[in-house]
Structures are given as structure tokens and as C-alpha cells.
Amino acid sequence: MIRQCLAASLLVLSSTSLMAAECSIDIQSTDQMRFSTDNIVVDKSCKQFTVNLQHTGTMPSNVMGHNWVLTTAADMQGAMMEGMSAGVANNYVKVDDARVIAHTKVIGGGEKDSVTFDTSKLKEGESYAFFCSFPGHSALMKGTLAFK
Ligand SMILES: [Cu+2]
């Protein structure tokens, strides 16, 4: 009831607030080494964007760990290779890697982690890639992200 009243008053006050872009996304990852999405669009009206990563499987993080890492498409391979060397203690992300725009920690089955980043780090027209940097996973666990 309270929610309905709130929604109704928001509608009266500002119809644009109800049309505001979604500035977050929920992504599931699985024991089958998959993300639930392979394409993300970040709306230009978002000042920040949040990725909520969930591992819906049951396998532990040392066997089937997943993270979510964002780079430009051009930087993906290098960031992934050096992330692998950084090891699980660093969530398979090289420490202070300037190529990495945002990343979650590595999670195992039943766990979740979120990351929020400023969209001022993104450029319209640039091709971005997201992937899991756990060794061997990015062949299947990757996608594209656009800012527009
Ligand atoms: Cu993974």
C-alpha cells in the first residue's frame, strides 16, 4: 500500500523519474561456466553503474570461481593473461591494472558480489568487453558492453 502511494505520487510529481534508465544489472553465473547475459548496455543518463554478480551453482570458488571484469575490447586479452598470473589471491586481476575499469571479486557457488563504477570512465562509441578472468573461463564467459 505504501509502495503504491509512493508510486502514485512519483507519477504525479515526475513522470520522467519512472522512465529513468536502469543503472544496474543482475548477472547470474553457473557451474556450467556461463554468464546469464552476453550483452550489456549502459545508458548515458547513468552517472554510476552497478553489476550484481551471483553464482547460482554449488561448486567452490577454487574449482569454478567466477568474477566479472570490464576492460575495452582491445585490452581484454592482455588484462586476462596478466590477471591469470596475479592469482586467486588477487581475484585473477593484476594489482592496479589501469586497463581494468571495474571488477568484482571471485565468488563460488551460492555467493554474490557487486561492483559500482563511475560511467565517466566510459566513452560513447568505444567497444568494451566483460569477462570472467578465472583461468580458462573467458572462452565461454565473456560479453560486450556499450555506453550509449
Ligand atoms: Cu568463471
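Structure's up top.
Residues numbered from 1 in each chain as written. Predicted model: local features only at pLDDT ≥ 70, side-chain atom pairs only at ≥ 80, totals over all residues. Heavy atoms only, no water.

(A) Quick peek at the overall build of the protein chain. The number of helices and strands found in the protein chain is four helices and eight strands. The secondary structure elements of the protein chain, listed N-terminal to C-terminal, are α-α-β-β-β-α-β-α-β-β-β-β. Taking as baseline every contact in the protein chain between residues at least 6 positions apart, the subset at least 24 positions apart corresponds to 73%. Surface accessibility of the protein chain: about 8,300 Å² in total, with carbon and sulfur atoms responsible for 54%. (Helix = DSSP H or I, 4+ residues; strand = E, 2+ residues; numbered from the N terminus. Contact = heavy atoms within 4.5 Å. Areas by Shrake-Rupley, 256 points an atom, 1.4 Å probe, with all protein chains shown as cover.)

(B) Focus on unusual backbone geometry. Although it is not a glycine, asparagine 91 sits at a positive phi angle of roughly 60 degrees. Topologically, asparagine 91 is positioned in the loop between helix H4 (76–86) and strand S5 (102–103). With a phi angle near 55 degrees, tyrosine 92 is a residue other than glycine that sits in the positive phi range.

(C) Structural view of the pairing of strand S2 (residues 39–42). Burial along S2 is one-sided: Ile40 and Val42 are buried, and none of Asn39 and Val41, which face the opposite way, are. Summarising the sheet, S2 and strand S8 (residues 142–147) pair through four bridges and their orientation is parallel. Of the residues in S8, the one forming a bridge with valine 41 is alanine 146. (Buried < 20%, exposed > 50% of the residue type's maximum accessible area, 1.4 Å probe, protein only. Pairing = 2+ DSSP bridges.)

(D) View of the state of the cysteines. Using the criterion set out here, one finds one disulfide in the structure. Each sulfur of the disulfide joining cysteine 23 and cysteine 46 lies 2.0 Å from the other. Disulfide cysteine 23 to cysteine 46: torsion about the S-S bond roughly -90 degrees, handedness left-handed. Of this pair, cysteine 23 sits in the loop between helix H2 (15–18) and strand S1 (24–29) while cysteine 46 sits in the loop between S2 and strand S3 (48–55); the two residues are 23 residues apart in sequence, bridging distant segments of the chain. According to the relative accessible area criterion, cysteine 23 is partly exposed, its value standing at 27%. Here cysteine 46 falls in the buried class, since its relative accessible area comes to 2%. (Disulfide = S-S within 2.5 Å.)

(E) Representation of the sheet that holds strand S7 (residues 128–131) within the structure. Reading across from one edge, S2-S8-S7-S4-S5 is the order of the five strands in this open sheet, with mixed pairing throughout. What marks the edges here is a single partner per strand, and that holds for S2 and S5. Summarising the sheet, S7 and S8 pair through four bridges and their orientation is antiparallel. In the sheet register, alanine 129 faces S8, and the bridge partner there is threonine 144. Contacts between H4 and the sheet are confined to strand S4 (69–72), S7 and S8, with S7 contributing the most and set at about 30 degrees to the helix. (Axes fitted to C-alpha atoms, helices over the stretch in contact; angles between N-to-C directions.)

(F) Structural context of the sheet that holds strand S6 (residues 112–118). Strand order across the open sheet formed by three strands is S1-S3-S6, with mixed pairing between neighbours. Pairing within the sheet leaves two strands with one partner each, and these edge strands are S1 and S6. Averaged over all neighbouring strand pairs, the angle between strand axes comes to 20 degrees, with direction disregarded. Sheet topology places S1 next to S3; six bridges connect them, and they run parallel. Counted as the bridge partner of serine 29 is histidine 55 from S3.

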